Amino acid sequence: MTGDLERKAALLGTKYSKPEINSNSITRLRLHEKLNNSLGCRLTTVVAPAGYGKTTAVLEWLEKSGLPAAWLSLDVHDNNPAIFWRYLCTALDSITPRVGKDTEYVFSSPELLKAYVHINILVDRLAEIQTDFLLVLDDLHLINDSSTYEGLSYLIDYLPPRMHLILISRTEPDLNLQKYRIKWQTQRLTKDDLRFREEEIFRFYEARGITLENTELKKVEDYTEGWAAALVAVTLSMKENGGHGAIAALSRSVQDFGQYLRDEVVGNWPSERLSFAMKTSILDTLSGDLCDAVTGSYGGQQMLKEIYEKGGFLQALDGQGQAYRYHYLLKNFLAELLRETSPEEIPDLYERAGNWFKDQGLIPEAIESFLNGALYQQASELIEHRVDNLLDKKEFDRLLSWIERLPSGYRENSFKIAAIFAMYYAEITQYDLARHWLDRMKSLMDSNSYASVPQLSGYCRTVCRMVEANLLLREGNAEFLPLIFTAAETDGGRYYKMPEYTDFNIADIYFCRCPIGAVTALLRENPERYGKMIESYRGMISKNPGYAPLAVGEFLYENNRLDEAMPPLLKALEEAKDANCAGAFVPTMVDLARIKRATGDITGAFTVLEECERMLQERGISHWNYLLEAFRCRLYLDAGNTEKVKEWFDGCKLTVFEEINRIREFELIIYTRALVWMNRSHDAQLLLQRLLTFTEANRRLHSRVEVLNLLSLMAFRNHQTRLAYGYLDESIDIGMKEGYTRSYLDELSPMAQLIRAYIKSRGKRREEDRSSERLTYAAGLLKQMHGSLMQTLEVPHGVIAGEIAEKTAEQLTEQERKVLELIVNAATNQEISEKLGISIRTVKTHTGNIYGKLGLKNRAQCVKLVRETKLL
């Protein structure tokens, strides 16, 4: 709970709270009827220029509807996906508690954010709500970040059935709304809907204690054209000028609204009020204490209350009268007036605001104020102060949004800012840029300003080594090892606090596919050196996350040494649970489930997954469940459970043309398996080719082997043997180099059949050395595959044997099925020949094909399998 309070303390509560409705507001039944229609569709847009009362209209309707509603008021600082979605998820806490906290970890990872993990969590949680509810996004026009709109489109695509989204904007949202109008009958309100009609204008003024005669009503309508902001301005003018004379003086058109404000409204304000309003126009949110700090005087709270009660352009953001916001039109007008009259005072106003925020511990708000006032030195110092904390959380987006607004001189000459860029670009796999900023770190480290101070020098050396080791590790470069060995030995260890551990793996279900999977190469080539590296790294952290024994356990599993893999995996499980490291915990549990599957205990594999999900739920890390669901689907495919496969397929939020990234790669590979299962071979082929390109571009060798194997199996199934063997050639080349075995064995008997045919075909031309190596490797795989399959088929009750055999038996021809029936009934080859009217040679051919497809060696094994599994 404490963590949740800290999270919300870092956010402005007024942004995700519904603003207060003005006490003088009137009910506009005409608008309410239109907004009621929004409950019959998913999406409503309210689009009109500033001052048309968009926000007020929606607030009044919500008040009358009584429906649960989350509200988010956007501003220009939300043009960053991490900030935008952090606020949106927190706003939805009022609908489904803790969803803001449960998605918070996503925003520390650019990859998780880009893969819409937070939106998937959000949609799944909101889908549990049984009553209608709304989410309102106000001032959406202030968002111009394309990736944010892409995420919003994704949310709309999968909007839960009881959720209704209202978008309030001055311009049409940058969304492809046409498809939603067709699909969901999108509701749309425009400025014509929002204009006040004559009767509404009369009631508008009546609510403010002003009764208009018919001639006055007509004059106001002609002047304002039903524009809410102009109606308010006329009201203020009447109050400042003493009544109806202001209406009699109306002569300009609504186009001169700014001049009208100047002459008829603020021009009549007392100088103290006007000065206060101009100075505080630099603020987004107004409170008494903050206004006092900015103006350098007292009485700010009373002044805000006075302006608000005048019925002006001030909006209350809470029910206690403690927080307010100027209407956009008045704020811009006042800011322009400030620039005209006192431009030299503006930086000082921003500095006072920044210092107030800093004293209150509101560092992000302080940084924003300093940047807005071009006070770059103060902003830079605060940014550097936040670096270590935000880097530990990997909150790159927030840091970068500030850094990009600094002049180049500040960016180029800060060691910590260079470290931010080096870490960020390594995180998003732009290694050349990461290398550039690492070189800049080294250059700054050697400069006099850093080298002459021992404490700074030690800190910089340690940070440089760790940043470089991180980069090399992600690149798969073994040169990271000496850096790991020496980092702990530098005197920087006294000045640089290492976290308990670094969770290198954010979403890879297999260790060998995660960013540090490259260490398995060292483990394979030099186990002793691997042990020393682990010892050095563990000397720098206080808790072991479980990666070291996990690497050993998965390496042994991939080498088909299942019994040997168990002890290190159990050690990894113990360490990962103790350190609360999901990146090691999930792959460990999946490896244990894979061992269960490999030994025929399919029920045990499902049990392991259930336990894994239970423990993840306790830790509040939801996105791993999507990967576990995909792996569960793989088990359902093995078991031939069509209903469960389809259930996963329909709910996985994936398509053939889904953007491929590391976060969703595993799910997409399972998706292709499901496509094949459903005989959608063309779609499966298309997605596999896209995955093949992705795995090559991103050097995802283990994933690439799986994709190549699937392509090979598909081609072989379609009798495209040359194509199938070509894919298998490339797969085996990688498999030989990396020492993969289970990657082939886990494809079960279809792979055995393919490799057997491959050896037979390729064995006829052994002139190439490479071809000979492949054949030797393939033969070794086939030998292990046969033993593994036999182990699987001989488990008690024949549970998985039936699942595998039933799946493979679908490939038998009608004649082969007849032959198989006679074999099971103990018919000799001669008897089969006579009963089916075929030659003995043909009987033997059919028998060989049957054994090959079922992964068997002889008649005895065949009879045992069919009887145990009741295949026929």
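Each chain has its residues counted from 1, running along the sequence as written. Side-chain atom pairs in this predicted model are given and counted only at pLDDT of 80 or more, local residue features only at pLDDT of at least 70, and totals for whole chains, interfaces and linings cover all residues. With hydrogens and water excluded, all non-hydrogen atoms of the structure serve as input to the side-chain values.

### Let's talk about the overall build of the protein
A tally of helices and strands in the protein yields 49 helices and seven strands. Each accessible area is a Shrake-Rupley result for a 1.4 Å probe, and residues are judged covered by the shown protein chains and nothing else. By element, 49% of the accessible surface of the protein is carried by carbon and sulfur atoms, the whole surface being about 36,700 Å². Runs of H or I in DSSP of at least four residues are treated as helices and runs of E of at least two as strands, each being numbered from the N terminus.

### Let's talk about the sheet that holds strand S5 (residues 187–189)
At least two bridges found by DSSP between two strands is the condition for calling them paired. What the five strands build is an open sheet, ordered S2-S3-S4-S1-S5; its pairing is parallel. Each end of this open sheet is capped by a strand with a single partner; those strands are strand S2 (69–73) and S5. Here the average twist between neighbouring strands, direction ignored, is 15°. Across five bridges, strand S3 (residues 133–138) lies against strand S4 (residues 163–169) in parallel orientation. Residue pairing for S4: Leu137 is matched across the bridge by Leu167. Between the N-to-C directions of two axes lies an angle of 0 to 180 degrees, each axis being a line fitted to C-alpha atoms and, for a helix, fitted only over the stretch in contact.

### Details of the environment of Arg859
For Arg859, the position within the fold is in helix H49 (residues 859–869). For Arg859, a relative accessible area of 27% corresponds to the partly exposed category. On a C-alpha basis, the gap between Arg859 and Val824 in space is 8.5 Å, while along the polypeptide they are 35 residues apart. Residues count as neighbours in contact if any of their non-hydrogen atoms are within 4.5 Å of one another. Not counting chain neighbours up to four residues away, the residues in contact with Arg859 comprise Ile823, Ala826, Ala827, Thr828, Asn829, Ile832 and Tyr851. From its side chain, Arg859 meets the backbone oxygen of Ala827 in a polar contact 2.7 Å long. The definition of a polar contact used here is a pair of N or O atoms within 3.5 Å, where within protein one atom must be able to donate a hydrogen and the other to accept one, and adjacent residues in sequence count solely through side-chain atom pairs. There is a polar contact of 3.2 Å between the side chain of Arg859 and the side chain of Asn829. Each residue's exposure class comes from its accessible area (1.4 Å probe, protein chains only) as a fraction of the maximum for that residue type: buried when under 20%, exposed when over 50%, partly exposed otherwise.

### So, the environment of Ser749
Turning to its location among the elements, Ser749 is positioned in helix H43 (residues 748–762). For the pair formed by Ser749 and Lys853, sequence separation is 104 residues and the distance between their alpha carbons is 6.7 Å.

### Points about the pairing of strand S1 (residues 43–47)
Of all five residues making up S1, five are buried, and the element is well covered by its neighbours. Alternating positions in S1 separate into two faces, Leu43, Thr45 and Val47 on one and Thr44 and Val46 on the other, with burial throughout. Across five bridges, the pairing between S1 and S4 is parallel. The residue of S4 that forms the bridge with Val46 is Ile168. Where S1 meets S5, three bridges bridge the pair, whose relative direction is parallel. When the sheet's bridge partners are listed, Val46 is paired in S5 with Leu189.

### Digging into the pairing of S3
When you tally the buried positions in S3, you get six out of six residues, the bulk of the element. Side chains Phe133, Leu135 and Leu137 project from S3 onto one buried face, and the interleaved Leu134, Val136 and Asp138 project onto a second face that is buried too. Two elements, S2 and S3, share five bridges in a ladder whose sense is parallel. Across the sheet, Ser73 pairs through a bridge with Asp138, a residue of S3. Crossover handedness is defined by viewing with both strands directed away from the observer: a clockwise path from the first strand over the helix to the second marks the crossover as right-handed. Taking the sense of rotation as the criterion, the β-α-β connection linking S3, helix H8 (residues 146–157) and S4 turns out right-handed.

### Overview of helix H41 (residues 721–738)
To estimate how far a helix should extend, the number of its residues minus one is multiplied by 1.5 Å. Given a rise of 1.5 Å per residue, 18 residues ought to cover 26 Å, and the 25 Å separating the end C-alpha atoms of H41 matches this to within 8%. Among the residues of H41, those classed as buried are Ala724, Tyr725, Tyr727, Leu728, Asp729, Ser731, Ile732, Ile734, Gly735 and Glu738. Phi for Gly739, located one or two positions after H41, is positive at around 75°.

### Some points on the pattern of salt bridges
We count a salt bridge whenever a side-chain nitrogen from Lys or Arg sits within 4 Å of a carboxyl oxygen from Asp or Glu. Counted according to the given criterion, the structure contains 51 salt bridges. Among the salt bridges present, the one from Glu659 reaches Lys114, with a minimum N-O distance of 3.5 Å. With a gap of 545 residues between them, Glu659 in the loop between helix H37 (642–651) and helix H38 (665–677) and Lys114 in helix H6 (residues 110–114) connect regions that are remote in the sequence. We note a salt bridge from Arg664 to Glu658, for which the minimum N-O separation is 4.0 Å. By the burial criterion, Arg664 is buried, and Glu658 matches it. One network of salt bridges, with partners in common, ties together Glu111, Asp508, Arg662, Glu665 and Arg700.

### Quick word on the packing of aromatic side chains
Centres within 6.5 Å make a pair out of two Phe, Tyr or Trp rings, where for Trp the six-membered ring is used; the pair is then stacked when the planes are under 30 degrees apart, edge-to-face when over 60, and tilted otherwise. Within the structure shown, the criterion is met by 19 aromatic pairs. Geometrically, the ring pair formed by Tyr16 and Tyr87 is tilted, given 6.4 Å between the ring centres and 45° between the ring planes. On the criterion of sequence distance, the pair formed by Tyr16 in the loop between helix H1 (2–9) and helix H2 (29–36) and Tyr87 in helix H4 (residues 81–91) is long-range, its members being 71 residues apart. Judged by relative accessible area, which is 18%, Tyr16 ranks as buried. When the centroid spacing of 4.6 Å and the interplanar angle of 10° are considered together, the rings of Phe649 and Tyr671 count as stacked. Here Tyr671 lies in helix H38 and Phe649 lies in helix H37, a separation of 22 residues in the sequence. Since its relative accessible area comes to 5%, Tyr671 is described here as buried.

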